[in-house]
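Chain and residue survey
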Amino acid sequence: MSTSDHVARQPGDLRLQRSVADTLRTIAAACAERDAPPVKAARRQLAAIYGATRLSRCRDGLRATG
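This report concerns the structure included in the present document.

Applying the stated criterion to the full structure yields 2 salt bridges. A salt bridge links Asp22 to Arg25; the nearest nitrogen and oxygen atoms lie 2.2 Å apart. Of this pair, Asp22 and Arg25 both sit in helix 1 (residues 3-35), 3 residues apart, which is roughly one turn of that helix. The exposure class assigned to Asp22 is partly exposed, which follows from its relative accessible area of 39%. Among the salt bridges present, the one from Arg63 reaches Asp60, with a minimum N-O distance of 3.5 Å.

Have a look at this one:
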């Protein structure tokens, strides 16, 4: 590989590295936000409500069929 080939590919490599780094930072920020106490509590509450609603619909469906 000649020096000119290495220099020609370098800007693209740097863009790729920056893009990957930005993506990893975004993922880390999303994970930190998701694990934050208020968000985690809200997610737990919504999961409980969703589970109760789903169970209720399932019971209603069973009553209607039989």
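Moving on from the coordinates now.
On the surface, a cluster of positive charge is contributed by Arg34, Lys40, Arg43 and Arg44. At 3 residues, the largest contribution of residues to the positive patch is made by helix 2 (residues 37-65). Residue placement: Arg34 occurs in helix 1.

Taken together, the side chains of Leu16, Val20, Leu24 and Ile27 define a hydrophobic patch exposed on the protein surface, amounting to about 380 Å² of accessible area. Mapped onto the elements, Leu16 comes out in helix 1.

Conventions we followed
- Residues numbered from 1 in each chain as written.
- Predicted model: local features only at pLDDT ≥ 70, side-chain atom pairs only at ≥ 80, totals over all residues.
- Heavy atoms only, no water.
- Salt bridge = Lys/Arg side-chain N within 4 Å of Asp/Glu carboxyl O.
- Helix = DSSP H or I, 4+ residues; strand = E, 2+ residues; numbered from the N terminus.
- Buried < 20%, exposed > 50% of the residue type's maximum accessible area, 1.4 Å probe, protein only.
- Patch = residues over 30% accessible without salt bridge, like charges linked within 9 Å, V, L, I, M, F, W, Y side chains within 5 Å.
- Areas by Shrake-Rupley, 256 points an atom, 1.4 Å probe, with all protein chains shown as cover.
- Lys, Arg positive; Asp, Glu negative; His and termini not counted.
- Charge placed at Lys NZ, Arg CZ, Asp CG, Glu CD.

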